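# Summary of structural features
Listed below, chain by chain, are the residues.
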Amino acid sequence: MVKKRIVSVLLAGALVAGMGLQVNVTVKADDLQDAQNKASQQQSALDAAQAEKDQLVAQLDGIVKDMEQTQADIEAKQEEIAKKADELDAAKIDENNQYESMKLRIQYMYENGNGQFLETLLESKSIAEFLSNAEYINQISEYDRNMLVEFQDIVDKVEEQQQELEKENAELEEMQTNLQTQQTELQTLVDSKSSEIASLESELSETNAKISQLQAAAAEQARLQEEAQNPGKFTPVDDYTPSGGTGRLQNPCPAAYISSEFGGRQSPGGIGSTNHKGRDYAAASGTPIFAAAAGTVTTVANNSVRGNYVIINHGDIATLYQHCSTIGVSVGQSVGAGQNIATVGSTGASTGPHLHFEVHVGGMPVDPRLYL
Ligand SMILES: [Zn+2]
């Protein structure tokens, strides 16, 4: 009911505005085009931002994979370093053992072996044996020295390898730090792209909402314009509230629109009556027509004005149903209120499919609204 009032106000405005309505519709069409262009631009921006984000995410994935690889490399390197540390420990133990046993031998030779040392030499039975023994003693100390140097070399070498590994590890750690920095930077870019996308999506959805509104407004304006040109055509029968009608008769064609009321009017299509004796219900051909009240069928006939028509007698009043395409009752038949008696057509003097409905009192047509 509220909606109907708004429509009426708009319609009144449209009728007064006249040409203004036409201009208004054109402006709305431009607004709609503008909104559609805007939506298309926003969609492009959104697609571009999404593509950029996809690219950034792909880069980020690459960085994360590199980080995983570097982390694996670091772990392997640290394992090598740990092994090298064990190796160094072992080498240092070897070095130390050699040093200790060498010290013991020297100490033994000096403390207990000095005599023996000399004895060994002096017991030599020849110069050759003496030289051989001296050489032997010399060799023992040389062996100790060589062994010690050798163990020291091993320790140095392992320490060198360990330093090399530490250096490699430091490089890997630095690489990982760089990757982490890149990851943080990329993540920031991805985040900002995501929020850009969210705001673009929200703008696009606003524009789409506006397009829907404009389309609805344009449709409503077109409807109002058509209604302004065809008064009454679009008033749904169900919306019509009879003013002062007795309610004795029921709606003979509920699936229709009231296209013309009883009374004076312009001749529709130049062939309709100017003094309209009934009420017109515009509906598609074949739409059912119902008896407005219980009664007896008194006429089923056809002529060039009424087309196929039916008259039902209700005692003090009668109802007429004209321009029918088919009729399903016959003269003398009793019908109940709301019984399907015929279908809508455009037979006789008619500009289009409709039911021309008349109510007669004492043989004279009256406004059907008095009884509806
Ligand atoms: Zn009519």
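One can find the structure itself at the top, above this paragraph.
Report on the accompanying structure. Just so it is clear, the model here is predicted, and its values are computed rather than measured.

A count of helical and extended segments in the protein chain gives four helices and 14 strands. Looking at the protein chain as a whole, 30% of its 372 residues qualify as buried. Contacts in the protein chain between residues far apart in sequence, at least 24 positions, make up 69% of those at least 6 positions apart. In the form shown here, the protein chain has an accessible surface area of approximately 21,700 Å², with 54% of it arising from carbon and sulfur atoms.

With that settled, the discussion passes to a nonpolar patch on the surface. Taken together, the side chains of Ile 127, Phe 130 and Leu 131 make up a nonpolar region of the molecular surface, amounting to roughly 320 Å² of accessible area. For Phe 130, the location among the structural elements is in helix α4 (residues 127–229).

The next point concerns the pairing of strand β9 (residues 317–324). A large share of β9 lies buried, amounting to eight of its eight residues. One ladder, built from five bridges, connects strand β8 (residues 307–313) with β9; its direction is antiparallel. Of the residues in β9, the one forming a bridge with Asn 313 is Ala 318. From the end of β8 to the start of β9, which pair antiparallel, there are three residues, and Gly 315 there has a positive phi angle of about 100°.

With that settled, the discussion passes to the side chain of Gln 98. In this structure, Gln 98 sits in helix α2 (residues 19–111). Of the residues examined, Gln 98 reaches a relative accessible area of 6% and is grouped as buried. Among all residues touching Gln 98, those that are not within four sequence positions of it are Arg 105, Tyr 143, Asp 144, Met 147, Leu 148 and Phe 151.

On to the pattern of salt bridges, then. According to the stated counting rule, one finds 10 salt bridges in the structure shown. Among the salt bridges present, the one from Glu 80 reaches Lys 77, with a minimum N-O distance of 3.7 Å. With a gap of three residues between them, Glu 80 and Lys 77 both fall in helix α2, about one helical turn apart. Ionic pairing is found between Lys 92 and Glu 159, a salt bridge with its closest N-O pair at 3.6 Å. With a gap of 67 residues between them, Lys 92 in helix α2 and Glu 159 in helix α4 connect regions that are remote in the sequence.

Backbone geometry at His 323 places phi at a positive 65°, although glycine is not the residue there. Here His 323 shows up in strand β9. His 323 gets classed as buried once you look at its relative accessible area, which sits at 4%.

Before going further, it helps to spend a moment on the nonpolar core. In a soluble, globular protein the nonpolar side chains are often hidden away together inside. Residues Leu 249, Tyr 321 and Ile 341 are the most contacted members of the largest nonpolar core, which totals 27 residues. Broken down by secondary-structure element, the contributors of at least two residues to this core are β8, β9, β12 (340–343) and β13 (354–361). When residues no more than four places from it in sequence are discounted, the contact partners of Leu 249 are Ala 292, Ala 293, Ile 317, Thr 319, Phe 357, Val 359, Tyr 371 and Leu 372. Judged by nonpolar contacts, the second largest core, of 10 residues, contains Ala 35, Leu 46, Ile 211 and Leu 214.

It is worth spelling out the coordination of the zinc ion at this point. Every protein donor of the zinc ion is listed here as His 276 (NE2), Asp 280 (OD) and His 356 (ND1), and their distances to the metal cover 1.8 to 2.2 Å. For the zinc ion, all donor residues lie on one chain, and their spacing in sequence is H-x3-D-x75-H. You can see Asp 280 sitting in strand β5 (residues 279–282) and its partner His 356 sitting in strand β13, a full 76 residues away along the chain. As far as the burial class goes, Asp 280 and His 356 line up, both buried.

For the rest of this paragraph, the subject is the packing of aromatic side chains. Using the criterion set out here, one finds two aromatic pairs in the structure. Taken together, a centroid distance of 5.4 Å and an interplanar angle of 50° make the contact between Tyr 321 and Phe 357 tilted. Remark: Phe 357 occurs in strand β13 and Tyr 321 occurs in strand β9; sequence separation between them is 36 residues. By the burial criterion, Tyr 321 is buried, and Phe 357 matches it. Counting every residue linked through ring pairs, the aromatic cluster contains Tyr 281, Tyr 321 and Phe 357. For Arg 306, the ring lying beneath its charged end belongs to Tyr 309, and the centroid distance is 5.1 Å.

Let us look at the sheet that holds strand β10 (residues 326–327). Hydrogen bonding along the main chain pairs the strands of a sheet, whether they run parallel or antiparallel. Taking strand neighbours across the sheet as the criterion, the three strands line up as β6-β12-β10 in an open arrangement whose pairing is antiparallel. Here the strands that pair on one side only, and so sit at the sheet edges, are β6 (288–290) and β10. In this sheet, β12 lies alongside β10 in antiparallel orientation, the contact comprising two bridges. In the sheet register, Ile 327 faces β12, and the bridge partner there is Ala 342.

By the secondary structure assignment, Thr 298 is in strand β7 (residues 295–303). Along the primary structure Thr 298 and His 314 are separated by 16 residues, whereas in three dimensions their C-alpha atoms are 10.0 Å apart.

The rules behind the values
Residue numbers run consecutively from 1 along every chain, following the written order of its sequence. Given that this is a predicted model, residues contribute local features only at a pLDDT of at least 70 and side-chain atom pairs are listed and counted only at 80 or more, while totals for whole chains, interfaces and linings are drawn from all residues. Side-chain measures were taken over the full set of non-hydrogen atoms in the model, leaving aside hydrogen atoms and water. Segments assigned H or I by DSSP are reported as helices when at least four residues long, segments assigned E as strands when at least two residues long, and all are numbered from the N terminus. Partly exposed residues are those whose accessible area sits between 20% and 50% of the maximum for their type, while under 20% is buried and over 50% is exposed, using a 1.4 Å probe and protein chains only. Note on contacts: a residue pair qualifies if any of its non-hydrogen atoms lie within 4.5 Å across the two residues. Note on areas: Shrake-Rupley, 1.4 Å probe, and residue coverage restricted to the protein chains presented here. Residues with no salt bridge and a relative accessible area higher than 30% make up the patches, which join like charges within 9 Å and nonpolar side chains (Val, Leu, Ile, Met, Phe, Trp, Tyr) within 5 Å. Whenever Lys or Arg places a side-chain nitrogen within 4 Å of a carboxyl oxygen from Asp or Glu, that contact is recorded as a salt bridge. DSSP bridges decide pairing: two strands pair if at least two such bridges lie between them. In this text, buried Ala, Val, Leu, Ile, Met, Phe, Trp, Tyr and Cys residues form a nonpolar core when linked through side-chain atoms within 4.5 Å. Counted as coordinating are nitrogen, oxygen and sulfur atoms within 2.8 Å of the metal, or 3.2 Å for Na, K and Ca, while water is not included, which may make sites look incomplete. Note on ring pairs: Phe, Tyr and Trp rings are taken, using the six-membered ring of Trp, and paired if centres are within 6.5 Å. Classes follow the plane angle, with under 30 degrees stacked, over 60 edge-to-face and the rest tilted. Here, over-ring charges are defined by two tests on the NZ atom of lysine or the CZ atom of arginine: distance to the ring centre within 6 Å, and angle to the ring normal within 35 degrees.

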